[in-house]
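Chain by chain, the residues run as shown.
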Amino acid sequence: HSTGRVGSLPGMGRTNGEGMTTSRATIRSAVAALLTSGLSLPSGNVMEFLPGAFRGATPVVLVLSGGSGREPIAYALETQPVFFLDIKTYVLMGAKDGTWGSDDTEAKLDAIEAGIAGIVQANARGALWNDMQYAGRSKVEDVMTIDGFVYRRESIPVRVECDAE
């Protein structure tokens, strides 16, 4: 699968010509596009929102907003936007027919995390940001039930620094 850098995506430039800066939504969409092309998951399994139900889909990767910062730049009136994303991976714990077990769940979580790490590293600098990196360690959480299906979840915090405003 590809971990190539994203060029300028349609509608995702740094400014709109009227001085408007890149938004967290734009960054979230760009990162979701990177993961969609780089992780080779089934179509529609990378989302940039929290769906109402997963309906047994596996694996599912969500790219969610995790907060924003506007850090002052020394000796300037400008601020540097810093956006935090929570990338959450959900993998089914097992299949009732026995074709998928908890060992498969762990292997899939490991493979997806490695894929996300590679994509983040390959795209540390992008058309929309100066730096993208993990913002701490990921967290794997024990079993959770979502609309009747049992999942294991890994949350990866990502920090994205953009040009000064």
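Residues numbered from 1 in each chain as written. Predicted model: local features only at pLDDT ≥ 70, side-chain atom pairs only at ≥ 80, totals over all residues. Heavy atoms only, no water.

## Concerning the pairing of strand S2 (residues 60-72)
Here comes step 1: The pairing of strand S1 (residues 46-47) with S2 spans two bridges and is classified as parallel. Among the inter-strand pairings, Met47 is bridged to a residue of S2, identified as Leu62.
Here comes step 2: Taken together, the 12 bridges between S2 and strand S3 (residues 79-92) define a ladder with antiparallel strand orientation. When the sheet's bridge partners are listed, Val63 is paired in S3 with Ile87. (Pairing = 2+ DSSP bridges. Helix = DSSP H or I, 4+ residues; strand = E, 2+ residues; numbered from the N terminus.)

## Considering the packing of helix H1 (residues 24-39) against helix H2 (residues 102-122)
Here comes step 1: Packing of H1 against H2 leaves a shortest axis separation of 10 Å and a crossing angle of 125°. Relative to H2, the element H1 is oriented oblique. Seen from above, H1 lies across H2 with right-handed handedness. Contacts between H1 and H2 pair Leu34, Leu35, Gly38 and Leu39 from the former with Ile112, Gly115, Ile116 and Ile119 from the latter. (Axes fitted to C-alpha atoms, helices over the stretch in contact; angles between N-to-C directions. Parallel < 35°, antiparallel > 145°, perpendicular 65-115°, else oblique. Left-handed = near helix turned anticlockwise from the far one by under 90°. Contact = heavy atoms within 4.5 Å.)

## Side note on the environment of Val82
Here comes step 1: Within the secondary structure layout, Val82 lies in strand S3.
Here comes step 2: Sequence-wise, Val82 and Met132 are 50 residues apart; in three dimensions their C-alpha atoms are separated by 9.7 Å.
Here comes step 3: Non-local contacts of Val82, meaning those with residues more than four positions away in its chain, are made with Gly67, Ser68, Gly69, Glu71, Arg159, Val160 and Glu161.

## A look at the pattern of salt bridges
Here comes step 1: Under the criterion given, the structure shown has five salt bridges.
Here comes step 2: A salt bridge links Glu106 to Arg152; the shortest N-O distance between them is 3.0 Å. Placement of Glu106 in helix H2 and of Arg152 in strand S6 (residues 149-161) is noted, with a sequence separation of 46 residues between them.
Here comes step 3: Judged by its relative accessible area of 31%, Glu106 falls in the partly exposed class.
Here comes step 4: On the accessibility criterion, Arg152 (18% relative accessible area) is buried.
Here comes step 5: Taking the shortest distance from any N to any O, the salt bridge between Arg152 and Asp142 comes out at 3.6 Å. In this pair, Arg152 sits in strand S6 while Asp142 sits in strand S5 (residues 139-146), placing the two residues 10 residues apart along the sequence.
Here comes step 6: Within this structure, Glu106, Asp142 and Arg152 form a network of salt bridges that share partners. (Salt bridge = Lys/Arg side-chain N within 4 Å of Asp/Glu carboxyl O. Buried < 20%, exposed > 50% of the residue type's maximum accessible area, 1.4 Å probe, protein only.)

## Quick notes on the packing of aromatic side chains
Remark: the centre distance and the inter-plane angle together describe each pair of aromatic rings, the angle taken between the planes.
Here comes step 1: The full count for this structure, using the stated rule, is three aromatic pairs.
Here comes step 2: Here Phe54 and Tyr90 contribute two aromatic rings whose centre-to-centre distance is 4.8 Å and whose plane-to-plane angle is 75°, an arrangement assigned as edge-to-face. Placement of the pair is Phe54 in the loop between S1 and S2 and Tyr90 in strand S3, with a sequence separation of 36 residues. Taken individually, Phe54 and Tyr90 each receive the classification buried, so the pair is uniform in this respect.
Here comes step 3: For the pair Tyr90 and Tyr151, a centre-to-centre distance of 6.2 Å together with 85° between the ring planes defines the contact as edge-to-face. Linking Tyr90 in strand S3 with Tyr151 in strand S6, this pair joins segments that are 61 residues apart in sequence.
Here comes step 4: Under the relative-accessibility criterion, Tyr90 is labelled buried at 3%.
Here comes step 5: In textbook terms, an aromatic cluster arises when at least three aromatic residues are bridged by ring pairs, as seen for Phe54, Tyr90 and Tyr151. (Phe/Tyr/Trp six-rings, centres within 6.5 Å; stacked < 30°, edge-to-face > 60°.)

## Examining the confidence of the model for the protein
Here comes step 1: Looking at the protein, the pLDDT average stands at 84 and 84% of residues meet or exceed 70.
Here comes step 2: Strand S4 (residues 131-134) holds the highest mean pLDDT among the elements of the protein, 97, whereas S5 holds the lowest, 86.
Here comes step 3: Within the model, pLDDT remains below 50 along residues 1-20, and this stretch shows 39 contacts once partners closer than five positions in the same chain are excluded. (pLDDT = per-residue confidence, 0-100.)

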